[in-house]
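Examining the three-dimensional arrangement
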Amino acid sequence: MAGLSLNPTKFTTPTTHSGKPICGFNSLINPTKTQLKFPTNPSKTHPKLLHIPHRSVSESSVSVPKEEEEVADEEDDDPTAEMSYFDRETDPESISEWELDFCSRPILDIRGKKIWELVVCDSSLSLQYTKYFPNNVINSVTLKNAIESISDELDVPLPEKIRFFRSQMQTIVTKACTELGIKPIPRCLSLILWLEERYETVYTQHPGFQQGFKPLLTLDNPFPMQLPENLFGEKWAFVQLPFSAVQEEVSSLETRLVFGASLDLDLLGIEVDANTLIPGLAVASSRSKPLAAWMNGLEVCSIEADTARACLILSVGISTRYIYATYKKTPVTTSEAEAWEAAKKACGGLHFLAIQDDLNSDDCVGFWLLLDLPPPPV
């Protein structure tokens, strides 16, 4: 592994709230804006969000008269239209995971009640589906039937897994998926970016849009819990790597059979300059392989430096947060933690977790590329 820019700190147990101060990392005290290009409107950069028709794939894949094309163009801009799309250049069998959101929108129907919407896609947005529902039919049966309808309508097989991100819908999603033999998994990325785009281009343009309505099902931000003993490390350090070195680590996940996870930044529409320094956290342990194996069984989402509590927060799944490490709170350590968070923000939330035998080692036993996304506006 390329050399990490770091200085080690004792990895303390979360209950003691003690440990050696974080050392070094002065280079991030006043971080400059990196050259990361992270789209605020994914439709401008995401290849699968360009000119997507609001009609079924069977209709979009045949030639139509010019008059009908003009009508279709008007439908593309209709915020009340529903979407049913699949890119026929994509092999249906290659899509084994869907991402799903089933929630109310800041839109009122003719009864003055909030409209609910089902939004489904895959990570590449080759599959896109939306459908509105009245608020009196929201249950697992409706969701199950809708999932089956998507498969039938688009002529694609049911997925092996469905990702979701709202903990309040876990019961409904889990029941619907279980009855269809689908494994529900917490955490979405492409769908959240798509919802941001839909908020600007669809929901705010809808005639029933209500400005100022807060999301009915807000994302959980629960109080962090004590870290399970099997996830304890021995030392940790704030680190940074050029993006080119991060790419090398990601490519080694398969070649060296290390534990970890990557992100397809191309599919997410994220461009990073090779020299951009990506902030991360290095964790060392004499039992690094078992530690990495346990971590690999979790849906690791992000790491946050909580300067108020003088600790690091590990977010897992959709509603689990652990106190991953603590440090002695001083003006110096607070500044360094704030600098690390600022560097992460400057990188659009991109960061990483590296597990090693020793902080001076050139190799990783586990490597996770992570993205800390803000919650969608709906």
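Scroll up a little and you will see the structure.
What comes next concerns the included structure. (Residues numbered from 1 in each chain as written. Predicted model: local features only at pLDDT ≥ 70, side-chain atom pairs only at ≥ 80, totals over all residues. Heavy atoms only, no water.)

1. A few points about the overall build of the protein
For clarity, the threshold we go by: The helix count covers DSSP runs of H or I at least four residues long, the strand count covers runs of E at least two residues long, and both are numbered beginning at the N terminus. Between buried and exposed lies partly exposed: a residue is buried under 20% and exposed over 50% of the maximum accessible area for its type, with that area taken using a 1.4 Å probe on protein chains only. Computed by Shrake-Rupley with a 1.4 Å probe, the accessible areas treat only the displayed protein chains as cover when residues are assessed.
A tally of helices and strands in the protein yields eight helices and 16 strands. The buried share among the 378 residues of the protein stands at 52%. Of the accessible surface of the protein, which amounts to about 17,400 Å², a share of 50% is contributed by carbon and sulfur atoms.

2. As for the pattern of salt bridges
Our working rule: The salt bridge criterion pairs a side-chain nitrogen of Lys or Arg with a carboxyl oxygen of Asp or Glu, the two atoms within 4 Å.
According to the stated counting rule, one finds 13 salt bridges in the structure shown. Among the salt bridges present, the one from R163 reaches E299, with a minimum N-O distance of 3.0 Å. Taken as a pair, R163 in strand β6 (residues 161-164) and E299 in the loop between α7 (288-296) and β12 (300-306) lie far apart in primary sequence, 136 residues in all. For E299, a relative accessible area of 23% corresponds to the partly exposed category. Salt-bridge contacts for K344 lead to D372; the nearest nitrogen and oxygen are separated by 3.1 Å. In this pair, K344 sits in helix α8 (residues 331-346) while D372 sits in the segment after β16 (366-371), placing the two residues 28 residues apart along the sequence. Residue classification places K344 among the buried residues on the basis of a relative accessible area of 2%. Taken together, the shared-partner salt bridges in this structure form one network comprising D101, R105, E117, R166 and R198.

3. Quick word on a negative patch on the surface
To keep it simple, the criterion reads: Surface patches are defined over residues having more than 30% relative accessible area and no salt bridge, joining like charges when they lie within 9 Å and nonpolar side chains (Val, Leu, Ile, Met, Phe, Trp, Tyr) when within 5 Å. Charge assignment: positive for Lys and Arg, negative for Asp and Glu; neither His nor the chain ends contribute. Taken as the charge centre is NZ of Lys, CZ of Arg, CG of Asp or CD of Glu, depending on the residue.
A cluster of acidic residues, D357, D358, D362 and D363, forms a negative patch on the protein surface. With respect to the helices and strands, the residue D363 is situated in the loop between β15 (350-356) and β16.

4. Structural notes on unusual backbone geometry
Unusually for a residue other than glycine, L125 sits at a positive phi of about 60°. Looking at where L125 falls in the secondary structure, it is placed in the loop between β4 (114-121) and β5 (127-133). Residue class for L125 comes out buried when judged on its relative accessible area of 1%. For A310, which is not a glycine, the phi torsion comes out positive at approximately 55°.

5. So, the environment of P377
The topology assignment puts P377 in the segment after β16. P377 gets classed as partly exposed once you look at its relative accessible area, which sits at 34%. Along the primary structure P377 and F213 are separated by 164 residues, whereas in three dimensions their C-alpha atoms are 10.0 Å apart.

6. Re the pairing of β12
Keep this limit in mind: Strands pair, by our definition, only if DSSP identifies at least two bridges between them.
The buried count for β12 comes to six of seven residues, which makes it a mostly enclosed element. Pairing geometry for β12 and strand β13 (residues 311-316), over six bridges, is antiparallel. Of the residues in β13, the one forming a bridge with S302 is S315. Turn length for the β12-β13 hairpin, with the two strands adjacent in sequence and antiparallel, is four residues, and the turn residue A310 shows positive phi of about 55°.

7. Some thoughts on α8
Every α-helix winds through 3.6 residues per turn, so residues three or four apart in the chain are directed the same way. What counts is decided by this rule: Take the residue count of a helix, subtract one, and multiply by 1.5 Å to get its expected span. In what follows, residue pairs with any heavy atoms lying within 4.5 Å of each other are defined as contacts.
Spanning 16 residues, α8 covers 22 Å between terminal C-alpha atoms, matching the ideal 22 Å at 1.5 Å per step. Taken together, the buried positions of α8 are occupied by T333, T334, E336, A337, A339, W340, A343, K344 and A346. As for α8, its buried residues are in contact with β9 (235-242), β11 (277-284), β12 and β15. Directly after α8, the chain includes G348, whose backbone phi takes a positive value near 65°.

8. Topic: the state of the cysteines
Convention followed: We call a pair of cysteine sulfur atoms a disulfide when they lie within 2.5 Å.
Tallying each qualifying case throughout the model produces zero disulfides. Of all cysteine sulfurs in the structure, the one in C121 sits closest to C188, which takes part in no disulfide; the separation is 7.3 Å. Of the residues examined, C188 reaches a relative accessible area of 4% and is grouped as buried.

9. Considering the environment of Q168
Residue placement: Q168 occurs in the loop between β6 and α4 (170-179). For Q168, a relative accessible area of 34% puts it in the partly exposed group. In this structure the C-alpha to C-alpha distance between Q168 and C103, which are 65 residues apart in sequence, comes to 9.7 Å.

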